[in-house]
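Here are the chains, one letter per residue:
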Amino acid sequence: MTMPVAAPAHRIADLRTRLAALGANPKHAERVLRLWSNALPQDSGSRPVESFLPRTLREALPALEAELAALARVVSEHPGEDGSARLLVALADGQTVESVLLPREGVCVSTQVGCAVGCGFCMTGRDGLLRQLGSAEIVAQVALARQRQPVRKVVFMGMGEPAHNLDEVLDAIDLLGTAGGLAHKQIVFSTVGDRRAFERLPQGRVKPALALSLHTTRPALREQLLPRAPRIAPDELVALACAYADATDYPLQLQWTLIEGVNDGDDELQALQRLLAGRRVVLNLIPYNTVDGLPWRRPSWERAAEMARTLHRAGVLTKLRHSAGQDVDGGCGQLRARTLTADGPGVQPVRLSRRVA
């Protein structure tokens, strides 16, 4: 007789409680979580599980593995020419999120279904926040990725704002940096900037690298680009982020989505040089990933390369990035949106004044 599959526990804390109820001591629980997060079968290892796991836990392992597998499953996979692959991932309740397999053994994971920040150039936030992901659902995306390729780096840059789901994200980071076997500097927490994140990140036993989505040095423009981000001036944001980066001895990563005629001007170049002078920062220039129905365009590659060269000559370590999956129309949120609204109304653009002072 097949044992029924329990409703999935969405949080790592719930999984630990379930394991304890099955007779697992802390070492047993850590083993189960380690094997799961590394996409390994629960009977892995040279010793038979009968020799060290309690009977109640052994008998529950098949149902538990089915429960963990139900947390996240791949609906479709979309390979890109750059070696990346976008995964549309279904959660147990039928909601979907996106993960991205990255070249060089990385994965980008989502932390929310939707997003409350409402960035004017992003598909993910167009419907607002639908729900938070539990910490186990976040780790499940890493386990899915590890079924397909080795994973040595996890970036929290998928759908959602990690700082808006801070408890669950930090629990996922803690597991990935311990039982999950990842080097702490290879876990990247990305945020638009939130004081709660800057306060909590230094307190964890796993201290991830930090990426700050800045996009402009001008407060008024940032408020339009990121309408529901915390109202913290760009220079203060950079100072807060650099304080954490300096304390952890990892360089701060600054994310800058390049939008033609909006934030690719010489004024921004000059302001960036002043803002980042002497700081241990890597600036990632990411040409905008076109979204149907939105008016923005990426600048020419020549202009983007010129900006990178200018900043580099000024002493700002700058990398010109390709957004993974551009060739499969896979900007964050686009894959999910196509499955939901293939025949529905177009995206309603946020109205943004060009070249705001």
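Every chain's residues receive numbers from 1 upward, in the order its sequence appears when written. In keeping with the predicted nature of the model, local features appear solely for residues at pLDDT of at least 70, side-chain atom pairs appear and are counted solely at 80 or more, and the whole-chain, interface and lining totals rest on all residues. Computation of side-chain values: all heavy atoms of the structure, hydrogens and water removed.

**So, the pairing of strand β12 (residues 317-320)**
Here 4 bridges tie strand β11 (residues 281-287) to β12, and the two strands are oriented parallel to one another. Of the residues in β12, the one forming a bridge with Asn 284 is Lys 319. Here the term right-handed applies to a crossover when the path leading from its first strand over the helix to its second strand runs clockwise, the strands being oriented away from the viewer. The way it works is that DSSP assigns letters per residue, a run of H or I at least four long becomes a helix, a run of E at least two long becomes a strand, and they are numbered from the N terminus. Traced from β11 through helix α10 (residues 301-313) to β12, the parallel crossover comes out right-handed. The criterion for strand pairing is that DSSP finds at least two bridges linking the strands in question.

**Some words on the pairing of strand β9 (residues 209-213)**
Here the term buried applies to any residue with accessible area under 20% of the maximum for its type, exposed to any over 50%, and partly exposed to those in between, with areas from a 1.4 Å probe on protein chains only. In terms of burial, β9 is a largely internal element, 5 of the 5 residues being buried. Burial along β9 is two-sided: the face carrying Ala 209, Ala 211 and Ser 213 and the face carrying Leu 210 and Leu 212 are both buried. In this region the chain leaves strand β8 (residues 187-191), passes through helix α6 (residues 195-200) and returns to the parallel neighbour β9; the handedness of that crossover is right-handed. Summarising the sheet, β9 and strand β10 (residues 252-258) pair through 3 bridges and their orientation is parallel. Bridged to Leu 212 within β10 is Leu 254.

**Focus: the side chain of Arg 146**
Mapped onto the secondary structure, Arg 146 falls in helix α4 (residues 135-146). Among all residues touching Arg 146, those that are not within four sequence positions of it are Ser 37, Asn 38, Ala 39, Val 151, Gly 180 and Leu 182. Here a residue-residue contact requires only that any non-hydrogen atoms of the pair lie within 4.5 Å.

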